[in-house]
Amino acid sequence: MTTHHLIVAMSPADHGLRSQLSRTASALGASVAFLQLGSPTLGTELTRLAEAGAERIVLVAVTTSRLSPGVSWLRRIADAWWREHGDRPPQLATAQRLFRSLDELEVLWTEATQRATPVRGTGPGLQSEAWEQVPRHRHQVLVCRGPRCTAAGAERSTEALVMELMRHELGDDDVLITHTGCQFPCNHAPVMSVQPDDVWYGKVDPDTAREIVDTHLRTGVPTGNQLSRTRAR
Ligand code: FES
């Protein structure tokens, strides 16, 4: 049986690690896919490998972000692909743990891939009722994960934002966090905007992110650091 190994980068932040991921994958005889934002996507890479004749594919999750979803998410997406892939999909399996660094991944690679757990298309898939409706929410924060904002520290700012929301027990019913591509005012990176208030913030470091939560998202009053806007002609 031909087995292929696939390293799956799990968080929106991980597409910034593309070159390191490629080096590690090459050293381990694997390929790389991205669960979010980056390409190739997991589905695209699974389809490519299946069409190339892979009979078994072992998925190994890795991230450097504290905001990454867990391995259960990888299994859900893989499970959905398996169900939808036609008559004879390759066998899929996932390593049981999420690796937090590429060094750790390399050290524990053999053990992790040997103990991978099969995915058989019998999991809950992607049909959860919780995902039928648009969530109720007061605010939506659009976090720019474009190239300039990512380079300027969007990941740390986003972590601070999420931790502060959790500290105040604000969930998706209060504030939805949505990662985006470039929002355009790149010179003010990292950029976040708060909707539906249409308030834009620039130079959002972790302290500013916490202030956005403490002031704008809790009391409805925008803070400093707002970006001025071009007047309409
Ligand atoms: S990359 Fe964030 S505004 Fe352009």
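Residues numbered from 1 in each chain as written. Predicted model: local features only at pLDDT ≥ 70, side-chain atom pairs only at ≥ 80, totals over all residues.

A.B. asks: It is not clear to me how the sheet that holds strand E3 (residues 56-62) should be interpreted in this structure. Could you clarify?
C.D. replies: The pairing of strands in a sheet happens through backbone hydrogen bonds and is either parallel or antiparallel. Strands sit in the order E2-E1-E3-E4-E5 across an open sheet of 5 strands; the sheet is mixed. Whereas interior strands pair on both sides, the edge strands pair on one side only; in this sheet they are strand E2 (30-34) and strand E5 (117-119). Strand-to-strand twist of the sheet, defined as the mean angle between neighbouring strand axes without regard to direction, takes the value 35°. Where strand E1 (residues 3-9) lies against E3, 7 bridges are found, and the strand directions are parallel. (Pairing = 2+ DSSP bridges. Helix = DSSP H or I, 4+ residues; strand = E, 2+ residues; numbered from the N terminus. Axes fitted to C-alpha atoms, helices over the stretch in contact; angles between N-to-C directions.)

A.B. asks: Explain the confidence of the model for the chain here, please?
C.D. replies: Reading predicted coordinates in detail is not appropriate for stretches of low pLDDT. Mean pLDDT over the chain works out to 90, with 94% of the residues at or above the 70 mark. Ranking the helices and strands of the chain by mean pLDDT puts E3 first, with 97, and helix H5 (residues 147-151) last, with 89. (pLDDT = per-residue confidence, 0-100.)

A.B. asks: So what exactly am I meant to see when it comes to unusual backbone geometry here?
C.D. replies: For residues besides glycine, phi is generally negative; the peptide bonds are generally trans as well. Following Ser 39, the chain continues to Pro 40 via a peptide bond in cis, the omega torsion being 5°. Inspection of the secondary structure assignment puts Pro 40 in the loop between E2 and helix H2 (42-51). In this chain, Ala 189 is followed by Pro 190 through a cis amide linkage whose omega measures -5°. Here Pro 190 lies in the loop between strand E7 (175-180) and strand E8 (192-195).

A.B. asks: Got a minute to help me understand the packing of helix H6 (residues 154-167) against helix H7 (residues 206-219) in this structure?
C.D. replies: Axis angle and axis distance: for two packed helices, these are the angle between their axes and the distance between the axes, and together they describe the pair. At their nearest, the axes of H6 and H7 sit 8 Å apart, and the two run at 30° to each other. At the point where H6 passes H7, the crossing takes the right-handed sense. In this structure, H6 contributes Arg 156, Ser 157, Ala 160, Leu 161, Glu 164 and Leu 165 to the contact, and H7 contributes Pro 206, Ala 209, Arg 210, Ile 212, Val 213 and Asp 214. Each residue belonging to the contact of H6 with H7 can be placed in one class, and the counts come to 7 nonpolar, 1 polar and 4 charged. (Left-handed = near helix turned anticlockwise from the far one by under 90°. Contact = placed C-beta atoms within 7 Å. Nonpolar A, V, L, I, M, F, W, Y, C, P; charged D, E, K, R; others polar.)

A.B. asks: Which parts of the structure should I look at to understand the sheet that holds strand E6 (residues 139-144)?
C.D. replies: Spatial strand order, E7-E6-E8-E9: 4 strands in an open sheet with mixed pairing. Every interior strand has two partners, whereas the edge strands, E7 and strand E9 (199-201), have only one. Pairs of neighbouring strands in the sheet enclose a mean axial angle of 20°, with direction left out of account. Direction of pairing for E8 relative to E9: antiparallel, over a ladder of 3 bridges.

A.B. asks: Which parts of the structure should I look at to understand the domain arrangement of the chain?
C.D. replies: How large an interface is tends to be reported as the accessible area lost when its parts come together. Segmentation of the chain into domains returns domain 1 (3-119) and domain 2 (134-219). Each of domain 1 and domain 2 has a C-alpha centre, and these two points are 28 Å apart. Of the residues assigned to the side of domain 1 that touches domain 2, the class counts are 4 nonpolar, 2 polar and 1 charged. (Domains from an automatic or database assignment.)

A.B. asks: Would you explain H7 in this entry?
C.D. replies: Taking 1.5 Å per residue, 14 residues should reach 20 Å; H7 reaches 19 Å between its end C-alpha atoms and fits that length. The largest bend along H7 reaches roughly 30° and is located at Ile 212. Of all the positions in H7, only Ala 209, Ile 212, Val 213, His 216 and Leu 217 are classed as buried. Where H7 is buried, its residues contact E6, H6, E7, E8 and E9. At the C-terminal side of H7, Gly 220 shows a positive phi close to 85°. (Expected span 1.5 Å × (residues − 1). Bend = angle between axes of the 7 residues up to and from the residue. Buried ≥ 20, exposed ≤ 12 C-beta atoms within 10 Å, placed from the backbone.)

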